[in-house]
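So you can see what is in the structure, the chains are spelled out below.
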Amino acid sequence: MKHLRTVEDVMTHAAISVERETAFKDVVEALRMWNVSALPVLAQDGKVAGVVSEADLLIKAQGPGAAHGTTAEQLMTRPAVTVTSGATIPTAARLMARRHLKRLPVVDGDGRFVGVVSRGDLLKVFLRPDRDIGAEVRELIAYQLIPHRSAEVYVHVAGGIVYLHGSLPDPTMEDVVVRAAGTVPGVVDVKADFTTPVPITNEAAQTGPVP
(Lines give C-alpha, C1' and ligand atoms only; values in the text may rest on other atoms or scores of the structure.)
Protein backbone atom coordinates (compact mmCIF):
# COMPACT_ATOMS: atom_id res chain seq x y z
CA MET A 1 0.00 0.00 0.00
CA LYS A 2 1.45 3.37 -1.01
CA HIS A 3 0.78 6.33 1.24
CA LEU A 4 0.31 9.44 -0.88
CA ARG A 5 1.35 12.24 1.46
CA THR A 6 4.13 14.31 -0.12
CA VAL A 7 4.81 15.98 -3.45
CA GLU A 8 7.40 13.29 -4.19
CA ASP A 9 4.67 10.66 -4.09
CA VAL A 10 2.71 12.20 -6.97
CA MET A 11 5.08 14.40 -8.98
CA THR A 12 6.45 13.72 -12.46
CA HIS A 13 10.11 12.82 -12.06
CA ALA A 14 11.14 12.76 -15.72
CA ALA A 15 10.20 16.38 -16.36
CA ILE A 16 11.45 18.55 -19.21
CA SER A 17 13.38 21.74 -18.59
CA VAL A 18 15.47 24.22 -20.57
CA GLU A 19 18.77 25.95 -19.92
CA ARG A 20 19.30 29.68 -19.64
CA GLU A 21 20.97 29.76 -23.07
CA THR A 22 18.10 27.96 -24.83
CA ALA A 23 16.98 29.99 -27.85
CA PHE A 24 13.47 31.41 -28.23
CA LYS A 25 12.53 29.02 -31.04
CA ASP A 26 13.71 26.00 -29.07
CA VAL A 27 11.69 27.08 -26.02
CA VAL A 28 8.58 27.33 -28.20
CA GLU A 29 9.28 23.91 -29.69
CA ALA A 30 9.73 22.34 -26.23
CA LEU A 31 6.46 23.82 -24.98
CA ARG A 32 4.65 22.50 -28.05
CA MET A 33 6.27 19.08 -28.01
CA TRP A 34 5.55 18.44 -24.33
CA ASN A 35 2.15 20.15 -24.41
CA VAL A 36 2.85 22.32 -21.35
CA SER A 37 2.36 26.03 -20.74
CA ALA A 38 5.59 26.67 -18.82
CA LEU A 39 9.05 25.21 -18.33
CA PRO A 40 11.65 25.58 -15.56
CA VAL A 41 14.91 27.22 -16.61
CA LEU A 42 17.96 25.62 -15.01
CA ALA A 43 21.29 27.11 -14.03
CA GLN A 44 24.50 25.11 -14.47
CA ASP A 45 24.32 23.77 -10.92
CA GLY A 46 20.89 22.24 -11.59
CA LYS A 47 18.99 24.80 -9.56
CA VAL A 48 15.90 26.52 -10.93
CA ALA A 49 16.85 29.99 -12.14
CA GLY A 50 13.37 30.90 -13.31
CA VAL A 51 10.34 29.76 -15.28
CA VAL A 52 9.53 30.61 -18.88
CA SER A 53 5.89 30.46 -19.88
CA GLU A 54 3.79 31.01 -22.97
CA ALA A 55 2.81 34.38 -21.50
CA ASP A 56 6.50 35.33 -21.21
CA LEU A 57 7.02 34.48 -24.87
CA LEU A 58 4.04 36.53 -25.99
CA ILE A 59 4.77 39.57 -23.83
CA LYS A 60 8.56 39.84 -23.99
CA ALA A 61 9.22 38.94 -27.61
CA GLN A 62 6.86 41.19 -29.55
CA GLY A 63 7.74 43.11 -32.67
CA PRO A 64 9.72 42.29 -35.82
CA GLY A 65 12.94 40.45 -35.00
CA ALA A 66 12.34 40.64 -31.25
CA ALA A 67 12.65 36.89 -30.89
CA HIS A 68 15.93 36.69 -32.77
CA GLY A 69 18.79 35.98 -30.37
CA THR A 70 16.46 35.95 -27.39
CA THR A 71 17.18 33.27 -24.80
CA ALA A 72 15.23 31.61 -22.03
CA GLU A 73 17.15 33.66 -19.46
CA GLN A 74 15.92 36.89 -21.04
CA LEU A 75 12.36 35.61 -21.21
CA MET A 76 11.94 33.84 -17.89
CA THR A 77 10.15 35.05 -14.79
CA ARG A 78 12.35 35.11 -11.70
CA PRO A 79 12.60 34.12 -8.95
CA ALA A 80 10.82 30.88 -9.68
CA VAL A 81 8.07 29.66 -7.39
CA THR A 82 9.12 26.13 -6.39
CA VAL A 83 8.11 23.46 -3.91
CA THR A 84 10.29 20.88 -2.18
CA SER A 85 9.76 17.20 -2.87
CA GLY A 86 9.09 16.60 0.82
CA ALA A 87 6.30 19.19 1.07
CA THR A 88 2.85 17.86 1.83
CA ILE A 89 0.25 17.68 -0.91
CA PRO A 90 -2.02 20.27 0.79
CA THR A 91 0.97 22.65 1.05
CA ALA A 92 1.61 22.40 -2.69
CA ALA A 93 -2.10 22.80 -3.45
CA ARG A 94 -2.33 25.98 -1.35
CA LEU A 95 0.77 27.42 -3.02
CA MET A 96 -0.64 26.75 -6.48
CA ALA A 97 -3.99 28.30 -5.57
CA ARG A 98 -2.41 31.37 -3.96
CA ARG A 99 -0.09 32.04 -6.91
CA HIS A 100 -2.62 30.96 -9.59
CA LEU A 101 -0.25 28.37 -11.02
CA LYS A 102 -0.99 25.13 -12.86
CA ARG A 103 2.45 23.55 -12.36
CA LEU A 104 5.34 23.91 -9.93
CA PRO A 105 8.99 22.94 -10.33
CA VAL A 106 9.99 20.52 -7.57
CA VAL A 107 13.39 20.83 -5.90
CA ASP A 108 15.34 18.69 -3.46
CA GLY A 109 16.86 19.80 -0.16
CA ASP A 110 19.73 21.49 -2.00
CA GLY A 111 17.41 23.42 -4.30
CA ARG A 112 18.16 21.29 -7.37
CA PHE A 113 15.44 20.52 -9.87
CA VAL A 114 14.02 16.98 -9.52
CA GLY A 115 10.64 17.14 -11.24
CA VAL A 116 7.35 18.94 -11.75
CA VAL A 117 4.03 18.67 -9.96
CA SER A 118 0.77 19.74 -11.58
CA ARG A 119 -2.78 20.26 -10.38
CA GLY A 120 -3.66 16.92 -11.94
CA ASP A 121 -0.86 15.22 -10.01
CA LEU A 122 -2.19 16.59 -6.74
CA LEU A 123 -5.64 15.21 -7.53
CA LYS A 124 -4.23 11.67 -7.81
CA VAL A 125 -4.86 11.18 -4.11
CA PHE A 126 -8.60 11.14 -4.81
CA LEU A 127 -8.13 8.21 -7.18
CA ARG A 128 -6.83 5.95 -4.41
CA PRO A 129 -8.78 2.68 -4.11
CA ASP A 130 -11.21 2.56 -1.19
CA ARG A 131 -9.36 -0.55 -0.03
CA ASP A 132 -6.08 1.36 0.41
CA ILE A 133 -7.80 4.25 2.16
CA GLY A 134 -9.54 1.89 4.56
CA ALA A 135 -6.31 0.06 5.37
CA GLU A 136 -4.54 3.31 6.19
CA VAL A 137 -7.41 4.57 8.34
CA ARG A 138 -7.45 1.31 10.29
CA GLU A 139 -3.69 1.45 10.78
CA LEU A 140 -3.90 5.06 11.96
CA ILE A 141 -6.62 4.33 14.51
CA ALA A 142 -5.23 1.03 15.76
CA TYR A 143 -1.60 1.96 16.22
CA GLN A 144 -1.62 5.69 16.90
CA LEU A 145 -4.97 6.70 18.40
CA ILE A 146 -6.46 3.72 20.23
CA PRO A 147 -3.74 1.20 21.10
CA HIS A 148 -3.82 -1.83 23.38
CA ARG A 149 -7.03 -3.31 21.92
CA SER A 150 -9.14 -0.90 23.92
CA ALA A 151 -11.86 -0.35 21.29
CA GLU A 152 -13.71 -1.92 18.39
CA VAL A 153 -14.01 0.49 15.50
CA TYR A 154 -15.40 -0.70 12.21
CA VAL A 155 -14.02 1.08 9.16
CA HIS A 156 -15.79 1.00 5.82
CA VAL A 157 -14.91 3.16 2.81
CA ALA A 158 -17.11 3.76 -0.21
CA GLY A 159 -16.38 6.37 -2.87
CA GLY A 160 -13.74 7.96 -0.67
CA ILE A 161 -16.20 8.44 2.20
CA VAL A 162 -15.07 6.82 5.46
CA TYR A 163 -17.75 5.32 7.69
CA LEU A 164 -16.77 4.67 11.31
CA HIS A 165 -18.89 2.60 13.69
CA GLY A 166 -18.37 0.77 16.96
CA SER A 167 -17.25 1.85 20.40
CA LEU A 168 -14.57 4.09 21.87
CA PRO A 169 -12.98 3.86 25.32
CA ASP A 170 -13.65 7.57 25.81
CA PRO A 171 -16.53 9.41 24.03
CA THR A 172 -14.45 12.58 23.91
CA MET A 173 -12.10 10.82 21.48
CA GLU A 174 -14.69 10.81 18.70
CA ASP A 175 -13.70 14.23 17.38
CA VAL A 176 -10.01 13.29 17.40
CA VAL A 177 -10.65 10.04 15.54
CA VAL A 178 -12.86 11.70 12.93
CA ARG A 179 -10.39 14.50 12.27
CA ALA A 180 -7.48 12.07 12.05
CA ALA A 181 -9.34 9.89 9.55
CA GLY A 182 -10.00 13.00 7.47
CA THR A 183 -6.27 13.63 7.08
CA VAL A 184 -5.70 10.38 5.21
CA PRO A 185 -5.04 11.17 1.53
CA GLY A 186 -8.01 10.39 -0.68
CA VAL A 187 -10.66 10.80 2.01
CA VAL A 188 -13.58 12.88 0.77
CA ASP A 189 -15.63 12.86 3.99
CA VAL A 190 -15.89 11.04 7.31
CA LYS A 191 -19.16 9.88 8.83
CA ALA A 192 -19.11 8.41 12.35
CA ASP A 193 -21.63 6.77 14.64
CA PHE A 194 -20.23 5.48 17.92
CA THR A 195 -23.59 5.40 19.72
CA THR A 196 -25.10 2.23 18.28
CA PRO A 197 -23.38 -1.15 18.67
CA VAL A 198 -22.62 -2.70 15.32
CA PRO A 199 -23.46 -6.38 14.91
CA ILE A 200 -20.95 -8.70 13.29
CA THR A 201 -22.01 -8.87 9.66
CA ASN A 202 -20.32 -10.03 6.51
CA GLU A 203 -19.52 -6.42 5.73
CA ALA A 204 -18.10 -5.76 9.17
CA ALA A 205 -16.04 -8.91 9.04
CA GLN A 206 -14.71 -7.92 5.62
CA THR A 207 -13.83 -4.35 6.54
CA GLY A 208 -12.56 -5.55 9.90
CA PRO A 209 -12.65 -4.06 13.36
CA VAL A 210 -9.69 -2.12 14.58
CA PRO A 211 -8.14 -4.21 17.40
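Below, the structure is looked at part by part. (Residues numbered from 1 in each chain as written. Predicted model: local features only at pLDDT ≥ 70, side-chain atom pairs only at ≥ 80, totals over all residues. Heavy atoms only, no water.)

### Comments concerning the environment of Ala-192
Residue placement: Ala-192 occurs in strand β9 (residues 189-193). When the C-alpha positions of Ala-192 and Tyr-163 are compared, they lie 5.8 Å apart, and in sequence the two are 29 residues distant. With residues near it in sequence (within four places) discarded, Ala-192 still touches Leu-164, Glu-174 and Val-178. (Helix = DSSP H or I, 4+ residues; strand = E, 2+ residues; numbered from the N terminus. Contact = heavy atoms within 4.5 Å.)

### Details of the sheet that holds strand β3 (residues 48-53)
An order of β1-β2-β3 is seen for the 3 strands of this open sheet, with the pairing classed as mixed. Lying at the two open borders of the sheet, with one neighbouring strand each, are β1 (18-19) and β3. With 5 bridges joining them, strand β2 (residues 38-42) and β3 adopt antiparallel strand pairing. Looking across to β3, one finds that Val-41 is bridged to Gly-50. Against the sheet, helix α2 (residues 24-34) contacts β1, β2 and β3, and its axis sits at roughly 130° relative to β2. (Pairing = 2+ DSSP bridges. Axes fitted to C-alpha atoms, helices over the stretch in contact; angles between N-to-C directions.)

### Here's the deal with the nonpolar core
Of all hydrophobic cores here, the largest spans 20 residues; its most connected members are Val-137, Ile-141, Ile-146, Val-153, Val-155, Val-162 and Leu-164. Listing elements by their share of this core, those giving two or more residues are α7 (130-145), β7 (152-158), β8 (161-167) and α8 (174-182). Top element by residues in this core is α7. It accounts for 4 residues. Beyond its immediate sequence surroundings of up to four residues, Val-137 is in contact with Val-155, Val-162, Leu-164, Ala-181 and Val-184. (Core = buried A, V, L, I, M, F, W, Y, C linked by side-chain atoms within 4.5 Å. Buried < 20%, exposed > 50% of the residue type's maximum accessible area, 1.4 Å probe, protein only.)

### Focus: the sheet that holds strand β6 (residues 113-118)
Taken in spatial order, the 3 strands make up an open sheet running β4-β5-β6, and their pairing is mixed. Strands with a single pairing partner mark the edges of an open sheet, and in this sheet they are β4 (83-84) and β6. In this structure, strand β5 (residues 103-107) lies alongside β6, joined through 5 bridges in antiparallel fashion. Note on β6: the bridge partner recorded for Val-106 is Gly-115. Along the sheet, helix α5 (residues 89-99) contacts β4, β5 and β6; its crossing angle with β5, the most-contacted strand, is approximately 135°.

### Focus on α2
Within an α-helix, residues lying three or four positions from one another point in the same direction, as the helix has 3.6 residues per turn. Among all positions in α2, only Phe-24, Val-27, Ala-30 and Leu-31 are buried. In an axial view of α2, the angular spread of the buried residues amounts to 125°, which keeps them on one side of the axis. Facing away from the buried side of α2 by over 90 degrees, the exposed positions are Lys-25, Arg-32 and Met-33. Looking at the buried side of α2, the elements it contacts are β1, β2, β3, α3 (54-60) and α4 (72-75). The positive-phi residue at the C-terminal boundary of α2 is Asn-35, with phi of around 55°. (Arc of directions from axis to C-beta.)

### Remarks on the environment of Ala-92
Mapped onto the secondary structure, Ala-92 falls in helix α5. Counting along the chain gives 25 residues from Ala-92 to Val-117, while the straight-line C-alpha distance between them is 8.5 Å. The contact partners of Ala-92, leaving out residues within four places of it in the chain, are Val-7, Val-83, Leu-104 and Leu-122.

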